[in-house]
Amino acid sequence: MTWITLLTTSFRWQAELMQELLAAHNIPTKIIDLGVKSYLGAGTSAALQVSLQDKSAALLLLSSQEDEQET
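Residues numbered from 1 in each chain as written. Predicted model: local features only at pLDDT ≥ 70, side-chain atom pairs only at ≥ 80, totals over all residues. Heavy atoms only, no water.

1. With respect to unusual backbone geometry
Turning to step 1, where the next piece is worked out: At Asn26, a residue that is not glycine, the phi angle is positive and equals roughly 60°.
Turning to step 2, where the next piece is worked out: Here Asn26 is to be found in the loop between helix H1 (12-23) and strand E2 (29-33).
Turning to step 3, where the next piece is worked out: In this structure Asn26 comes out as exposed when scored by relative accessible area, which is 70%. (Helix = DSSP H or I, 4+ residues; strand = E, 2+ residues; numbered from the N terminus. Buried < 20%, exposed > 50% of the residue type's maximum accessible area, 1.4 Å probe, protein only.)

Written out as structure tokens, the structure reads:
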């Protein structure tokens, strides 16, 4: 299976939240840690990856309504 990075964030909890949203729609995901482990609650950088065939569905689910109104 081919994985692509959908999002990078400075806080792992944001990636985990989006992972839960996508899991609720049966979209497989994985999180890759990009930085050093959390130190004193500062968080760690992470990337959210989805399979290539689920990219468009994931982008639609994670887009805001403002993005949709602009198109």
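2. Quick word on the environment of Val50
Turning to step 1, where the next piece is worked out: Looking at the element boundaries, Val50 is found in strand E3 (residues 46-51).
Turning to step 2, where the next piece is worked out: Judged by its relative accessible area of 0%, Val50 is buried.
Turning to step 3, where the next piece is worked out: Distance from Val50 to Leu7, taken between C-alpha atoms, is 9.4 Å for residues 43 residues apart in sequence.
Turning to step 4, where the next piece is worked out: Once you skip the residues sitting within four places of it in the chain, Val50 turns out to touch Thr2, Trp3, Ile4, Leu6, Leu22, Ile27, Pro28, Thr29, Lys55 and Ala58. (Contact = heavy atoms within 4.5 Å.)

3. Here we look at the sheet that holds E3
Turning to step 1, where the next piece is worked out: The strand order across the open sheet formed by 3 strands is E1-E3-E2, and the pairing between neighbours is antiparallel. The open sheet terminates on both sides in strands that have one partner only, identified here as strand E1 (3-9) and E2. Strand-to-strand twist of the sheet, defined as the mean angle between neighbouring strand axes without regard to direction, takes the value 30°.
Turning to step 2, where the next piece is worked out: Of the strand pairs in this sheet, E1 and E3 are connected by 6 bridges, and their pairing is antiparallel. Bridge pairing in E3 links Thr5 to Gln49.
Turning to step 3, where the next piece is worked out: H1 contacts E1, E2 and E3 of the sheet and is inclined by roughly 170° relative to E2. (Pairing = 2+ DSSP bridges. Axes fitted to C-alpha atoms, helices over the stretch in contact; angles between N-to-C directions.)

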